[in-house]
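Chain by chain, the residues:
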Amino acid sequence: MLWPVAVMLVIHRTVILAVNGARTDDFTGVYRAAVAFWNREPVYTAAYQHVDPHYLYPPSGSLLIAPFAVFEPDSSRWLFIGVNAVAVLIAVYLVVRMFGFTAHSAALPVVIVLAFASESVTNTLVFTNINGVILLGQMAFLTLLLARRDLWAGVAIGLTFAIKPILAPLLLLPLLRRQGKVLVTAAAVPILLTALAWPWAADPWQFVERTVPYLLQSRDYFNSSITGNGSYYGLPDLLILLLRGGFALLAAATMYLLYRYHRRDDVFFVVTSAGVLMTASFLLGSLGQMYYSMLLFPLLMSVVLPQSVLRNWPAWLAVYGFLSADEWYSGRWVEAGRFAEYMRPTWGWSLLLIVIFAVLLDRRLDIRRRDSVSAGSDG
C-alpha cells in the first residue's frame, strides 16, 4: 500500500521538480568550478558581495567533483541529482536498519515518503545541492561507529570533510565513546585528498585567503542561524550574543544529561547526541540553512525507541518548523507571513533543543524523586 506512494514521490521529486529546477541554483557554480579545476584554471573567483550561490568547496572537494566536468552541463546536472537522490535512499535504508527494521517492513516506505515530502530533501534535489551525499556520509559514519569499525567510520566522515565540514561536531561522539581511532582516518582522508588536489589546482591559496574568511562571516540573507536572522531583523549584537550563549549552554547541559546513557543504550545515545550536536551547530554557527535539517533524520527515527525524547507534541511542532515544505507567505498579512516563513527553521531548531533538554532533565529529577522516596520508605 505504501510502496507506490513512495516510488511515485521519489520519481516526482527527482525527475520532475529537480530537473525543472528553481530560481536558486546551487549546481551551476559547482559545475563551473569542476570544469575550471579539470582544466587547471582559477576556481575561487566568485564575487562574495553578491547573493548568488557561491562555490565554497576546498581543493579536496574540487578534486571529488571534478569528474562531473566530463559531461555537458545538463547531463552533469541530471547525474548530480541522481547521485544525491540515490544517496538519500541508501541513507534512509541505513536509518531504518539502525533501529532494527528490515527492507521488508512498513518502516522503509514510510520513512522514504516522509523524507522525500520534506523541504530538506525536496530543495536539496531542486536546488541541486550535495546534501544528500553528506547525509549518506553521516549515516555511514554513525552505522560504523555503532559497529565499532572505527577506522572506516573515520573514512566515512573524512570524505564529507573533504567537501564541507558541516559534520565536524559529530567528532565529539567518538571522543565520548573512547573510539579515538576514528579521529585518525577522519583527519587523514581530507589531508590526503588535499595533498592530491593542491598541486593540480590553479589557485588553492585563494581558498585560504578569500573563501575561508567569507565562510567565517555570518551573512544576513538565506541564513536561519541565530546570527543570520538576528542580523536580518536588526537585533542588538549583545542580544544575539546572549542568545547564542544561552543555547550553547543548553546544548552543553543536554549533552551532560545524555552522557549517562552512553554505555547502556548505544543507539539512543548516539542518534540523540548527534541530533543535539547538529541542531546546535545550525543555530550557533555562521550559516544555518533549512535543508540542513535532513541531517536530523536519525534523531527523528528514534521516536520508535521506548526511551525516545521525541514522544511528545512540542517536539513534533518543532519538526514541523524546520522540515515542512509549507510556505507561510501571506497575501493578506504580508509582514506576519514573511516573519513566520523566515523564522520557522530558527524557532523549530530552538524548540527542539529546549524539548530534548526538558525531557532529559525531567527524567533526571524523577530518578532523584524516586530515590528520595525509596530512602524515606527504608527509614
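The structure presented is a predicted model; accordingly, all values stated were derived computationally and were not measured.

Here we come to the overall build of the protein chain. Each helix and strand in the protein chain was counted, giving 17 helices and zero strands. Relative to a compact globule of 379 residues, whose C-alpha radius of gyration would be 21 Å, the protein chain shows 21 Å and is just as compact. Along the longest, intermediate and shortest principal axes, the C-alpha atoms of the protein chain span 80 × 55 × 50 Å. When the 379 residues of the protein chain are sorted by exposure, 49% land in the buried category. Pairs at least 24 apart in sequence give 75% of the contacts found in the protein chain among residues at least 6 apart. Of the roughly 18100 Å² of accessible surface on the protein chain, 67% is carried by carbon and sulfur atoms. The average position of the 27 basic charges and that of the 22 acidic charges among the side chains of the protein chain differ by 9 Å.

Before going further, it helps to spend a moment on helix α10 (residues 181-197). For an α-helix, the turn length of 3.6 residues means that residues three or four places apart are oriented alike. End to end, α10 covers 25 Å across 17 residues, agreeing with the expected 24 Å (1.5 Å per residue, within 8%). Among the residues of α10, V182, T185, A186, V189, P190, L193 and A197 are the ones counted as buried. For α10, the angular spread of buried residues about the axis comes to 120°, placing them on one side. Structural note: α10 exposes K181, V184, I191 and L192 on the side pointing more than 90 degrees away from its buried face. On its buried side, α10 packs onto α2 (27-38), α3 (59-65), α7 (131-146), α8 (150-161) and α9 (172-176).

What follows deals with helix α6 (residues 119-126). Burial analysis of α6 places eight of its eight residues in the buried class, the great majority of the element. The complete set of buried residues in α6 reads E119, S120, V121, T122, N123, T124, L125 and V126. At its buried positions, α6 is contacted by α1 (3-20), α4 (73-98), α5 (107-117), α7, α15 (297-301) and α16 (313-323). Following α6 by one or two positions, T128 has its phi on the positive side, about 60°.

Membership of the largest hydrophobic core comes to 107 residues, with the highest contact counts inside it found for F116, F141, L167, L170, L173 and L295. Counting residues per element, this core draws most heavily on helix α14 (residues 266-284), which supplies 12 residues. Ignoring anything within four residues of it in the chain, the contact list for F116 reads L9, V10, R13, T14, A85, V88, L89, V121, T122 and L125.

So, on to the side chain of T128. Mapped onto the elements, T128 comes out in the loop between α6 and α7. Judged by its relative accessible area of 2%, T128 falls in the buried class.

All right, on to the pattern of salt bridges then. Applying the stated criterion to the full structure yields six salt bridges. Salt-bridge contacts for R369 lead to D366; the nearest nitrogen and oxygen are separated by 3.6 Å. Within this pair, R369 and its partner D366 are both found in helix α17 (residues 334-378), separated by three residues, close to a single helical turn. The exposure class assigned to R369 is partly exposed, which follows from its relative accessible area of 44%. According to the relative accessible area criterion, D366 is partly exposed, its value standing at 25%. One connected set of salt bridges, linked through shared partners, spans D362, D366, R369 and R370.

What follows covers the packing of α8 against α10. Close contact between α8 and α10 brings their axes to 7 Å; oriented N to C, the two are set at 40°. Accordingly, the angle class assigned to the pair α8 and α10 is oblique. Note that α8 runs across α10; the crossing there is right-handed. Of the residues in α10, those in contact with D150, L151, A153, G154, V155, I157, G158, L159 and F161 of α8 are K181, V182, T185, A186, V189, P190 and L193. Each residue belonging to the contact of α8 with α10 can be placed in one class, and the counts come to 11 nonpolar, three polar and two charged.

By the definition in use, this model includes 18 aromatic pairs. Each ring, one from Y55 and one from Y57, has its centre 5.1 Å from the other, and the planes form 55°; the classification is tilted. Note on Y57: relative accessible area 9%, which makes it buried. One residue, R40, lies across the ring of W200, its end atom 4.3 Å from the ring centre. R260 extends its terminal NZ or CZ atom over the ring of Y261, reaching a point 5.1 Å from the ring centre.

So, on to unusual backbone geometry. One non-glycine residue with positive phi stands out, namely R148, at about 65°. Of the residues examined, R148 reaches a relative accessible area of 45% and is grouped as partly exposed. Positive phi is not limited to glycine here, since F222 has a value of about 45°.

With that out of the way, let us pick up the packing of α4 against α7. When two helices pack together, their arrangement is given by the angle between the helix axes and by the axis-to-axis distance. Where α4 meets α7, the axes come as close as 8 Å, and the angle between the chain directions of the two elements is 25°. What the angle tells us is that α4 and α7 run roughly parallel. In the packing of α4 onto α7, the handedness of the crossing is left-handed. Between α4 and α7, the contacting residues are V83, N84, A87, V88, I90, A91, L94, V95 and M98 on the first element and N131, G132, V133, L135, L136, M139, A140, L142, T143 and L146 on the second. Of the residues in the contact of α4 with α7, the class split is 15 nonpolar, four polar and no charged.

This part covers a nonpolar patch on the surface. On the surface, Y232, Y233, L235, L238, L239, L241, L242, L243 and F339 cluster together to form a nonpolar patch covering roughly 840 Å² of accessible area. Ranked by residue count, the leading element in the nonpolar patch is helix α13 (residues 237-258), at five residues. Its location among the elements puts L239 in helix α13.

The rules we used
- Residues numbered from 1 in each chain as written.
- Predicted model: local features only at pLDDT ≥ 70, side-chain atom pairs only at ≥ 80, totals over all residues.
- Heavy atoms only, no water.
- Helix = DSSP H or I, 4+ residues; strand = E, 2+ residues; numbered from the N terminus.
- Rg over C-alpha atoms; globule rule 2.2 N^0.38 Å.
- Buried < 20%, exposed > 50% of the residue type's maximum accessible area, 1.4 Å probe, protein only.
- Contact = heavy atoms within 4.5 Å.
- Areas by Shrake-Rupley, 256 points an atom, 1.4 Å probe, with all protein chains shown as cover.
- Lys, Arg positive; Asp, Glu negative; His and termini not counted.
- Charge placed at Lys NZ, Arg CZ, Asp CG, Glu CD.
- Expected span 1.5 Å × (residues − 1).
- Arc of directions from axis to C-beta.
- Core = buried A, V, L, I, M, F, W, Y, C linked by side-chain atoms within 4.5 Å.
- Salt bridge = Lys/Arg side-chain N within 4 Å of Asp/Glu carboxyl O.
- Axes fitted to C-alpha atoms, helices over the stretch in contact; angles between N-to-C directions.
- Parallel < 35°, antiparallel > 145°, perpendicular 65-115°, else oblique.
- Left-handed = near helix turned anticlockwise from the far one by under 90°.
- Nonpolar A, V, L, I, M, F, W, Y, C, P; charged D, E, K, R; others polar.
- Phe/Tyr/Trp six-rings, centres within 6.5 Å; stacked < 30°, edge-to-face > 60°.
- Lys NZ or Arg CZ within 6 Å of the ring centre and 35° of its normal.
- Patch = residues over 30% accessible without salt bridge, like charges linked within 9 Å, V, L, I, M, F, W, Y side chains within 5 Å.

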